[in-house]
Amino acid sequence: MAVTPELLSTFPILRSLPEAVLSALASQSVMRKFARRGIVLEAGKRDEYVCFLFEGRLQGVDFTIDGREVGLYFIEPGDFCGELVLFDDGVQPEFVIALTPVVTVFMPRDILREAMMKNPGVINVLGYKLASRVRQLTFQRSLLGLPNVTQRVCGQLWLLIPERDKVKLLSSVIVNPPTHLEIAIMLNLSRETVTRVFQTLQNQQIVRRDGPGSLIVNNLAVLKEFADGSKEL
């Protein structure tokens, strides 16, 4: 499947670009497919491409000194990763792996950087994305220091709640929620521990599954209390 301007326009960050710019970007981009657990971006490697996710799901991961995998963030369709190459010549700081079979678009950094400098809208999206990533990773690091595993799991769930829902504190739907194993990797817990917390949350009707693609949080106010430690299960 060839990379076309129409395909690139499905990515929110590129949607505002003129047709001529999209055509130039498309002519230099390449589509790549990866199997589940495939390495999309490799830590320590100096890449010259930015990766856009078209289908599937990716996760940024790192490894502790003793070799344990630690999940950092998720990448959903329409999003991108490896964007730091647009700002410096450093190496990729973490691995990005495929959680499912994925379809990606790799775009040379030089041509994207040129488009970025000429289109402030792209810079704004990149800046917002980087700021959000820093805030997320800072919060993620704070979760790892919590001794209460229930608070850790509820804090991770709270991080996945859309911002618009956090204001009303009523209910919310987490689309394509991470598996118990994926949450365990992000929180340095065992899968069994995460499953036990979820069972308790379900028994108290705080959350419930709606098929494999949705997790319904029935009471955001209570989840927030568990996450900030003001209430215990």
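Look up a bit, the structure's there.
The structure reproduced in this document is the subject of the present report. (Residues numbered from 1 in each chain as written. Predicted model: local features only at pLDDT ≥ 70, side-chain atom pairs only at ≥ 80, totals over all residues. Heavy atoms only, no water.)

1. Some remarks on the sheet that holds strand β10 (residues 207-209)
Thinking step 1. Strands sit in the order β9-β11-β10 across an open sheet of 3 strands; the sheet is antiparallel. Pairing within the sheet leaves two strands with one partner each, and these edge strands are β9 (172-175) and β10. Taken pair by pair, the neighbouring strands of this sheet meet at an average axis angle of 25 degrees, ignoring direction.
Thinking step 2. Both β9 and strand β11 (residues 214-217) contribute to a ladder of 4 bridges, which runs antiparallel. Looking at β11, one finds that valine 173 is bridged to isoleucine 216. (Pairing = 2+ DSSP bridges. Helix = DSSP H or I, 4+ residues; strand = E, 2+ residues; numbered from the N terminus. Axes fitted to C-alpha atoms, helices over the stretch in contact; angles between N-to-C directions.)

2. Quick notes on the packing of aromatic side chains
Thinking step 1. For the structure shown, the criterion picks out 6 aromatic pairs.
Thinking step 2. Residues phenylalanine 34 and phenylalanine 106 carry aromatic rings whose centres are separated by 6.2 Å and whose planes lie at 40 degrees to one another, so their mutual orientation is tilted. Of this pair, phenylalanine 34 sits in strand β1 (residues 30-34) while phenylalanine 106 sits in strand β8 (residues 102-108); the two residues are 72 residues apart in sequence, bridging distant segments of the chain. Neither phenylalanine 34 nor phenylalanine 106 differs from the other in exposure class; each is buried.
Thinking step 3. Members of the aromatic cluster, each reached through a chain of ring pairs, are Phe11, Phe52, Phe54 and Phe80.
Thinking step 4. The ring of phenylalanine 74 carries the charged tip of arginine 57 above its face, separated from the ring centre by 4.5 Å.
Thinking step 5. Sitting over the ring of tyrosine 73, arginine 133 keeps its end group 3.7 Å from the ring centre. (Phe/Tyr/Trp six-rings, centres within 6.5 Å; stacked < 30°, edge-to-face > 60°. Buried < 20%, exposed > 50% of the residue type's maximum accessible area, 1.4 Å probe, protein only. Lys NZ or Arg CZ within 6 Å of the ring centre and 35° of its normal.)

3. Regarding the layout of surface pockets
Thinking step 1. Each pocket or cavity is described by its volume, and for the largest pocket that value is around 920 Å³.
Thinking step 2. Listed by contribution, the elements that provide at least two residues to the lining of the largest pocket are α4 (120-144), α5 (149-160), α6 (163-168) and β9.
Thinking step 3. A class-by-class count of the residues in the lining of the largest pocket yields 13 nonpolar, 4 polar and 8 charged. (1 Å grid on protein atoms, 1.4 Å probe; cavity = no way out; pocket = protein on both sides within 12 Å on 5 of 7 lines; lining within 4 Å. Points joined across faces, edges and corners; volume = space filled by probe spheres on them. Nonpolar A, V, L, I, M, F, W, Y, C, P; charged D, E, K, R; others polar.)

4. Regarding the pattern of salt bridges
Thinking step 1. The full count for this structure, using the stated rule, is 10 salt bridges.
Thinking step 2. With a shortest N-O distance of 2.9 Å, arginine 109 and aspartate 89 are connected by a salt bridge. With arginine 109 in helix α3 (residues 109-118) and aspartate 89 in the loop between β6 (80-81) and β7 (95-98), the pair connects residues that are 20 residues apart, well separated along the chain.
Thinking step 3. Overall, the relative accessible area of 13% leaves arginine 109 in the buried class.
Thinking step 4. With relative accessibility at 47%, the residue aspartate 89 sits in the partly exposed group.
Thinking step 5. Between glutamate 114 and lysine 118 there is a salt bridge, and its shortest N-O distance comes to 3.3 Å. Residue glutamate 114 and its partner lysine 118 are located together in helix α3, separated by 4 residues, close to a single helical turn.
Thinking step 6. By relative accessible area, which is 45% here, glutamate 114 ends up partly exposed.
Thinking step 7. One network of salt bridges, with partners in common, ties together Arg57, Glu76 and Glu182. (Salt bridge = Lys/Arg side-chain N within 4 Å of Asp/Glu carboxyl O.)

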